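Structural features, examined
Each chain, written out:
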Amino acid sequence: MTKKIVMVFVFLLFVIPQQMIYANNNNSWTYLDNMADKALILTKQEKFDQAKQVLEQFSEQFLKTYPKEDHITMNALRVISISNDEAVKALTAVSLEHKERVRKVTQLRLALDALHSEHQPLWMEMEKPVLDSFKQMKEAALDEDKGKFKLLFNVFTTNIDTIYPSLVISLDPEAISRLDSHIRFLSDYERVDEKNKENHLKIMEKDMYKLFGKTITDETDPSLIWVMMTTGSIILSVLLYVGLKKFKAEHIITIKYRNR
């Protein structure tokens, strides 16, 4: 009986406090997510003053109540702080376009989600616009269409900038370094010789797919298709030949049986 009481005491002492901490952390994330969502909705509705007030409150609450978890680094906290500051500046900038204000607040919302998402983070939903804009930019680059390339480069880098804080939080420094190197290459694209252009774009394309946990499916080698067709034809011929031989043999046996 005493042993059971001790076990219950240990359970109450260690397990329940851990569950309370977990619940409090989840509540903290939910509260912060809701504030970021509210700021984004207000921004889309062009209620910039209200959105700014929410973001200022968000900044204060984040520093006071952010969940104390081991995986949250000081660098990640710095990323959230910078993203929040940029979003506030975007809301107060007089000449900034509406869509750019929305993008900056979206940038903060995605970064906050990346900080605590246990499964697929929200920034992964940017896969299609990022990869599509890269493909179009790549085609323009290979076609030597400088005007179109510059336009699509701006579209691509804008998409990357939207998820960049999230990437810094989610990915290892080496992946971020490679991405930065690719962007610098594209910025100086016109000065690169033709051979290096195509090779670098192929490498970059693979890295872009890796960002979203995907790989490029290479087209099937024509020589492999020829081998498959040839092999298939040989197998089919053999099967037909064996089938025909079997049919003839059975036919002969049937005739002999009838003539008896």
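The coordinates are above.
An account of the accompanying structure is given in this report. These numbers come from a predicted model, not from an experiment. (Residues numbered from 1 in each chain as written. Predicted model: local features only at pLDDT ≥ 70, side-chain atom pairs only at ≥ 80, totals over all residues. Heavy atoms only, no water.)

**Thoughts on the nonpolar core**
If you look at the biggest cluster of nonpolar residues, it comprises 29 residues, and the most contacted ones within it are Phe 156, Leu 186 and Met 208. Looking at this core, the elements that each hand over two or more residues are helix 4 (98–116), helix 5 (127–142), helix 6 (146–170), helix 7 (173–187) and helix 8 (194–211). Per element, the largest residue contribution to this core is seven residues, and it comes from helix 6. Residues in contact with Leu 186, not counting those within four places in the same chain, are Met 137, Phe 149, Phe 153, Phe 156, Leu 201 and Met 204. (Core = buried A, V, L, I, M, F, W, Y, C linked by side-chain atoms within 4.5 Å. Buried < 20%, exposed > 50% of the residue type's maximum accessible area, 1.4 Å probe, protein only. Helix = DSSP H or I, 4+ residues; strand = E, 2+ residues; numbered from the N terminus. Contact = heavy atoms within 4.5 Å.)

**Regarding the packing of helix 4 against helix 6**
Axis separation between helix 4 and helix 6 bottoms out at 8 Å; the angle between their running directions is 25 degrees. If you check the angle between helix 4 and helix 6, you find them roughly parallel. Viewed along their axes, helix 4 and helix 6 form a crossing whose handedness is right-handed. From helix 4, Arg 103, Lys 104, Thr 106, Gln 107, Leu 110, Ala 111, Ala 114 and Leu 115 reach across to helix 6, where they touch Thr 158, Asp 161, Thr 162, Ile 163, Pro 165, Ser 166, Ile 169 and Ser 170. (Axes fitted to C-alpha atoms, helices over the stretch in contact; angles between N-to-C directions. Parallel < 35°, antiparallel > 145°, perpendicular 65-115°, else oblique. Left-handed = near helix turned anticlockwise from the far one by under 90°.)

**Considering helix 2 (residues 48–65)**
Helical periodicity: at 3.6 residues per turn, an α-helix aligns residues three or four positions apart in one direction. Look at helix 2: 25 Å from first C-alpha to last across 18 residues, which is about the 26 Å you get at 1.5 Å a residue. Within the span of helix 2, buried status applies to Phe 48, Ala 51, Val 54, Leu 55, Phe 58 and Phe 62. Seen from one end, helix 2 has its buried residues packed into an arc of 110 degrees, which puts them on one side. Summarising the geometry of helix 2, the exposed residues directed more than 90 degrees from the buried face are Asp 49, Leu 63 and Lys 64. (Expected span 1.5 Å × (residues − 1). Arc of directions from axis to C-beta.)

**Overview of the packing of aromatic side chains**
Considering all chains together, one arrives at six aromatic pairs under this definition. The interplanar angle of 55 degrees and the centroid separation of 5.7 Å between the aromatic rings of Phe 134 and Phe 156 together place this pair among those described as tilted. A residue pair is termed long-range when its members are at least 10 positions apart, and Phe 134 in helix 5 and Phe 156 in helix 6 qualify at 22 residues. Here the aromatic residues Phe 149, Phe 153, Phe 185 and Tyr 189 are joined through ring pairs into a cluster of three or more. The positively charged end of Arg 101 is found above the aromatic ring belonging to Phe 48, 4.5 Å away from the centroid. (Phe/Tyr/Trp six-rings, centres within 6.5 Å; stacked < 30°, edge-to-face > 60°. Lys NZ or Arg CZ within 6 Å of the ring centre and 35° of its normal.)

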